[in-house]
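Listed here are the chains, written in short residue letters.
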Amino acid sequence: MTAVLFQQVSRHFGTVRAVDSVDLAIAEGEFFAMLGPSGSGKTTCLRLMAGFEQPTSGHIEIFGETAEGVPPYRRNVNTVFQDYALFPHLSILENVAYGLMVKGVGKAERLKAAEEALAMVKLPGYGARRPGQLSGGQRQRVALARALVNRPRVLLLDEPLGALDLKLREQMQEELKSLQKSLGITFVFVTHDQGEALSMADRIAVFSDGRIQQLGTPEEVYKKPKTRFVADFVGSSNVLPPDFVRTLGFGDSYASLRPEAITLGDGLGRKNFAGRVVATSFLGAANRVTVEAAGARIAAMTPASIAPPALGETVTLSFLPEDLHPMDGAR
Amino acid sequence: MRSDRNTSAPLGLKIAAGLGLAFLHLPILLIFLYAFTTEEKSYQFPPPGYTLKWFAVTWNRPDVWEAMGLSVRVASISTAVALVLGTLCAAAVSRTKFFGRETISLLVILPIALPGIITGIALRSAFSFAEIPFSFWTIVLGHATFCVVVVYNNAVARFRRVSGSLIEASMDLGADSFQTFRYVILPNIGTALLAGGMLAFALSFDEVIVTTFTAGQQSTLPIWMLEELVRPRQRPVTNVVAMVVVLVTFLPILGAYYLTRDGDQVAGAGK
């Protein structure tokens, strides 16, 4: 079943088209990422799902029910806010129980449910504290518990890991993923971090200028970027100009080529080109070698076990033809 | 001329500061002192003798009770009106963006910046132009003009510190507008409203100028005192009433001061 459906949804603020004719179908139980730079419309899409924004035009359905005009408090959708938005005047337990309280659930029952939700996010016994006494990572977990205790059909997460430090972020990524698997709830999360989107999501929508540039699995988006924007934004793909692509024997369009698809030297069935080494850097597991070929700068990942070529040296590089992906869009 | 920057202020400055404070507060002590004097016609110093009889006399004067009752009712109702209107206005100005927002903010604050006499004359001519007879309600209206400002100023500062995502979070968790106000907004701005309300009450309770222009035949307590000063009969009664007024207005102001001082950590964002 389709959890969230967008049909030609637009949201304009004055002359700014924050969301521009977006079509989207998120399946039930899916872990869906909306990826893009700030101002790309991803957060507005999330707010349209939550009900904080209403579409200027288009149609939104949540589990088959029309969502436009339905206020946030009548949607079976909950949000984890970027700044967590915990109520400072309530204890942690009261924060988590808030959704049940306003729905009229009895005190004993809702406090028990809140305790269970806190245990689920690994914060048992923290109920008596105040939000101000918790660390950023703990507040994040409370915000998660406060949303999940309502058993939403869709959980929306707005840059959920943005404020956490690297180590905590990696840990939370795994926990979110396993939580989503065990609960079976549809998760929709917004991020500007491509690594986060690639590692967590079942499918990714890449946003730019209010439009979806590409929608696909992490592998598709990573390996076969459809547009130059996606190639640039998702990772560090080489964007080859049309002139260069033509000299390699392909069509007359921009094309993407991932650095790890390029090796030093030639081989059977591979396409090769010559380039002058302009930079090398050691990345731990690999070396990145940047060469200049036909006016384009092209990066290649080579194993760290092989010494990188010297600067200024002209080397032969090669790749398998299927790794080069022609892209849409004007040149 | 000073040889050492770390020494405290020179003696002369200390004396000047002390004299300044004494000038501000000694007259109030004199008011208290003359509430106990045995001399009832003039203020001679030192008082010829001391007595508590004026408290009993005051207690038995119906005109004091009448004026006091009127003042309490006017102050209570003006404060109530101000709490509702001031909160609504503060919510509109701090929570939403609309055309003319800054202008409205200025227009709301203006009555307290205007001299009371201007507000008074303006209201008086407006009332007579609209042929509204002077009554209890015209006094309340006059007082509400500056009470709203006090509540608004307190509430708007606190509203700005209540993060907008708290309200969205509440709605997201299933609370409608009323529940959100009751469970999230009110607890966060409550002390500010209480402080604003107390200040408004104190302001209204000792207001003279606007009242002079908007009252008909009735006398609020301050007006009653003013009238009492011109006739030299049982003068210490005025002093006893003055003591009561000081207490009634001073305590709320003190309360408001403590409430707003401690309210700082209440309303921070969830971050």
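Just so we're clear, the structure is a prediction, and the values are computed from it rather than from any experiment.

**Topic: the packing of helix 2 (residues 92-102) of chain A against helix 3 (residues 107-120) of chain A**
All names here are of chain A.
Then, in step 1: At their nearest, the axes of helix 2 and helix 3 sit 8 Å apart, and the two run at 120° to each other. If you check the angle between helix 2 and helix 3, you find them oblique. For the pair helix 2 and helix 3, the crossing hand works out as right-handed. Residues Ile92, Leu93, Val96, Ala97, Leu100 and Met101 of helix 2 touch helix 3, and the partners they reach there are Arg110, Leu111, Ala113, Ala114, Glu115, Ala117 and Leu118.

**Some words on the packing of aromatic side chains**
Then, in step 1: Tallied over the full model, the rule gives 13 aromatic pairs over all chains.
Then, in step 2: Geometrically, the ring pair formed by Tyr98 of chain A and Tyr183 of chain B is edge-to-face, given 6.5 Å between the ring centres and 90° between the ring planes. With Tyr98 of chain A in helix 2 and Tyr183 of chain B in helix 8 (residues 177-205), the pair connects residues from two separate chains.
Then, in step 3: With 5.1 Å between their ring centres and 90° between their planes, Trp59 of chain B and Trp65 of chain B make a pair best called edge-to-face.
Then, in step 4: In this structure Trp65 of chain B comes out as partly exposed when scored by relative accessible area, which is 42%.
Then, in step 5: Among the aromatic residues, those joined into a cluster by ring pairs are Phe31, Phe187 and Phe189 of chain A.
Then, in step 6: Its guanidinium or amino end placed over the ring of Phe63 of chain A, Arg153 of chain A lies 3.7 Å from that ring's centre, counting from NZ or CZ.
Then, in step 7: Against the face of Tyr222 of chain A rests Arg258 of chain A, its NZ or CZ located 3.6 Å from the ring centre.

**Focus on the state of the cysteines**
All names here are of chain B.
Then, in step 1: Summed over the entire model, instances satisfying the criterion amount to 0 disulfides over all chains.
Then, in step 2: The structure places no disulfide on Cys147, whose sulfur is separated from the nearest cysteine sulfur, that of Cys89, by 15 Å.
Then, in step 3: Of the residues examined, Cys147 reaches a relative accessible area of 0% and is grouped as buried.

**Brief notes about the confidence of the model for chain B**
Then, in step 1: Mean pLDDT over chain B works out to 83, with 93% of the residues at or above the 70 mark.
Then, in step 2: Contacts from residues 263-271 of chain B, a stretch scored under 50 in pLDDT, to residues over four places away or in other chains number 20 contacts.

**Points about the interface of chain A and chain B**
Then, in step 1: Chain A puts 24 residues into the contact, and the matching count from chain B is 23 residues.
Then, in step 2: Looking at the side of chain A facing chain B, the largest losses of area belong to Tyr73, His89 and Tyr98 of chain A, adding up to 28% of the total buried there.
Then, in step 3: Across the pair Arg47 of chain A and Glu168 of chain B runs a salt bridge, and its minimum N-O distance is 2.7 Å.
Then, in step 4: Viewed at the interface, chain B and chain A are joined by 10 residue pairs in polar contact (both at pLDDT 80 or more).
Then, in step 5: For the side of chain A that touches chain B, the elements supplying multiple residues, two or more each, are helix 1 (42-50), strand 6 (77-80), helix 2 and helix 4 (136-148) of chain A.
Then, in step 6: Residue composition of the side of chain A that touches chain B, by class: 14 nonpolar, 5 polar and 5 charged.

Reading guide: rules and limits
Residues numbered from 1 in each chain as written. Chains lettered and ligands numbered in written order. Predicted model: local features only at pLDDT ≥ 70, side-chain atom pairs only at ≥ 80, totals over all residues. Heavy atoms only, no water. Axes fitted to C-alpha atoms, helices over the stretch in contact; angles between N-to-C directions. Helix = DSSP H or I, 4+ residues; strand = E, 2+ residues; numbered from the N terminus. Parallel < 35°, antiparallel > 145°, perpendicular 65-115°, else oblique. Left-handed = near helix turned anticlockwise from the far one by under 90°. Contact = heavy atoms within 4.5 Å. Phe/Tyr/Trp six-rings, centres within 6.5 Å; stacked < 30°, edge-to-face > 60°. Buried < 20%, exposed > 50% of the residue type's maximum accessible area, 1.4 Å probe, protein only. Lys NZ or Arg CZ within 6 Å of the ring centre and 35° of its normal. Disulfide = S-S within 2.5 Å. pLDDT = per-residue confidence, 0-100. Buried area = accessible area lost by both parts, 1.4 Å probe. Salt bridge = Lys/Arg side-chain N within 4 Å of Asp/Glu carboxyl O. Polar contact = N/O pair within 3.5 Å; in protein donor to acceptor, adjacent residues only side chain to side chain. Nonpolar A, V, L, I, M, F, W, Y, C, P; charged D, E, K, R; others polar.

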